[in-house]
Amino acid sequence: MTRLLIGVTTFALAAPVLAEDSSDPIIIPIHNWSSQIVMSNAVGQIFEGMGNAVEYVSTDSQAVYEAVRLGDATLELEVWEGAFGKSFNAALEKGGIEDVATHDAITREDWWYPLWTKEACPGLPDWKALNDCAAKFATPETGEKGRFLGGPVDWLKHDAEKVDALGMNFTVVNAGSAAALWAEIAAAEKDKTPIVVFNWTPNFAEAVWPGEFVNFPAWEEGCDTDPAKGPMPDKTFDCGNPANGYLKIAAWDGMKDKWPKAYATLQKVSFTNAQIAEMAKLVDVDGMEPEDAASEWLKANEAVWKPWTE
């Protein structure tokens, strides 16, 4: 048998060459909780290592999505579903902002108590049991009602609406910062005072103060907007927050053209619960400045982030 050999020309497939990034600074917003500040500095330092200029700007954590959409900020590294999903989705509908990536981390944000509180209110974590124990959480500020210490007002957790919807005998008092929440828990720990506060995961607190989230009626889509959703037929916010929420990364849709190399790296960024908790711990427990904590984390985790830049 005669074999007919046909000449084949082979072409080497070169990797696409990205255009050079703009010399203009990448604007990274900073908010009022430690993991977001450290993460922002860490990613900013990665961009700087790639030759980019970076500028950090303190920004409201709800208004930031409009800022990103308009290009006034370049990206947002911690889009928490429970706290910011509504603002993020509203910006997506308008256009100008992209859903760039989703972290490996799974989030939860809701009412929480340290385990010593369960001794005073043994029916926990059920929300009805918590309400029956409301008097044990009363303070001079709240009179006969229990105090729930919420996060900063701009986190928009709708705790007062939840209290109203479920008929709870609690008054919502908002802390001025995440640090104020930790200070309250630490103060309560000294004599094991019952306390219920807003908390979230991932953060360092779960390693320092073992505790549990309150079990409210399960979240269902529309619970925050449609009275027909949830157990109370004429109320919204009659449910807990999502128990397995996303943590996303958003970016201005002009970033990929203006800073293509940085954008390609941003698409690969992903942190786990443990990594985010460690970032927060470096500031909230170890007392480091956020930029130093970011440098420390990057130094200890080169195997995690260097592949993002390749």
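See above for the structure.
Thresholds, definitions, all that
- Residues numbered from 1 in each chain as written.
- Predicted model: local features only at pLDDT ≥ 70, side-chain atom pairs only at ≥ 80, totals over all residues.
- Heavy atoms only, no water.
- Phe/Tyr/Trp six-rings, centres within 6.5 Å; stacked < 30°, edge-to-face > 60°.
- Helix = DSSP H or I, 4+ residues; strand = E, 2+ residues; numbered from the N terminus.
- Buried < 20%, exposed > 50% of the residue type's maximum accessible area, 1.4 Å probe, protein only.
- Lys NZ or Arg CZ within 6 Å of the ring centre and 35° of its normal.
- 1 Å grid on protein atoms, 1.4 Å probe; cavity = no way out; pocket = protein on both sides within 12 Å on 5 of 7 lines; lining within 4 Å.
- Points joined across faces, edges and corners; volume = space filled by probe spheres on them.
- Nonpolar A, V, L, I, M, F, W, Y, C, P; charged D, E, K, R; others polar.
- Pairing = 2+ DSSP bridges.
- Right-handed = clockwise from strand over helix to strand, strands pointing away.
- Disulfide = S-S within 2.5 Å.

Enquirer: Just to check I follow, could you spell out the packing of aromatic side chains for this structure?
Expert: Working definition: an aromatic ring pair is given by the centre-to-centre distance plus the angle between the planes. Summed over all chains, the structure comprises 18 aromatic pairs. When the ring of Trp33 is compared with that of Trp155, the centres are 5.7 Å apart and the planes differ by 85°; the resulting orientation is edge-to-face. Placement of Trp33 in the loop between strand 1 (26–30) and helix 1 (34–49) and of Trp155 in the loop between strand 6 (146–150) and helix 6 (159–166) is noted, with a sequence separation of 122 residues between them. The class for Trp155 is buried, based on a relative accessible area of 3%. Here the aromatic cluster, defined as three or more aromatic residues joined through ring pairs, consists of Trp33, Tyr65, Phe84, Phe88, Trp155, Trp182, Phe198, Trp200, Phe204 and Trp209. Between the NZ or CZ atom of Lys162 and the centre of the ring of Phe216, over which it lies, the distance is 4.3 Å.

Enquirer: Can you help me understand empty space enclosed by the protein in this one?
Expert: The probe, sized like a water molecule, is rolled over the atoms to show the empty space still left. Applying the stated criterion across every chain yields a total of two cavities of 30 Å³ or more. In this structure, the largest cavity encloses a volume near 70 Å³. Lining of the largest cavity is provided by Trp33, Trp80, Ala83, Phe84, Glu109, Trp155, Phe198 and Trp200. Mapped by element, the contributors of at least two residues to the lining of the largest cavity are helix 3 (81–94) and strand 8 (197–201). For the lining of the largest cavity, a count of residues per class yields seven nonpolar, no polar and one charged.

Enquirer: Whenever I open this one, the pairing of strand 6 confuses me. Can you help?
Expert: On a regular strand, one side chain projects to one face of the sheet and the next to the other, so that they alternate. The element strand 6 is largely enclosed, with a buried count of five among its five residues. Here strand 6 shows two buried faces, one formed by Gly146, Phe148 and Gly150 and the other by Arg147 and Leu149. As paired elements, strand 6 and strand 7 (residues 170–174) share five bridges and run parallel to each other. Each residue of the ladder has a partner; that of Phe148, found in strand 7, is Val172. On the question of chirality, the crossover connecting strand 6 to the parallel strand 7 by way of helix 6 is right-handed.

Enquirer: Teacher, can you tell me more about the state of the cysteines here?
Expert: Simply put, the disulfide is a covalent bond whose two ends are the sulfur atoms of two cysteines. Summed over all chains, the structure comprises two disulfides. There is a disulfide in this structure between Cys121 and Cys133, and the S-S distance comes to 2.3 Å. Handedness here is read from the sign of the S-S torsion; for Cys121 and Cys133, about 95°, the answer is right-handed. Here Cys121, found in the loop between helix 4 (117–120) and helix 5 (127–132), pairs with Cys133, found in the loop between helix 5 and strand 6; they are twelve residues apart in sequence, far enough to count as distant. Neither residue differs from the other here; Cys121 and Cys133 are each classed as buried.

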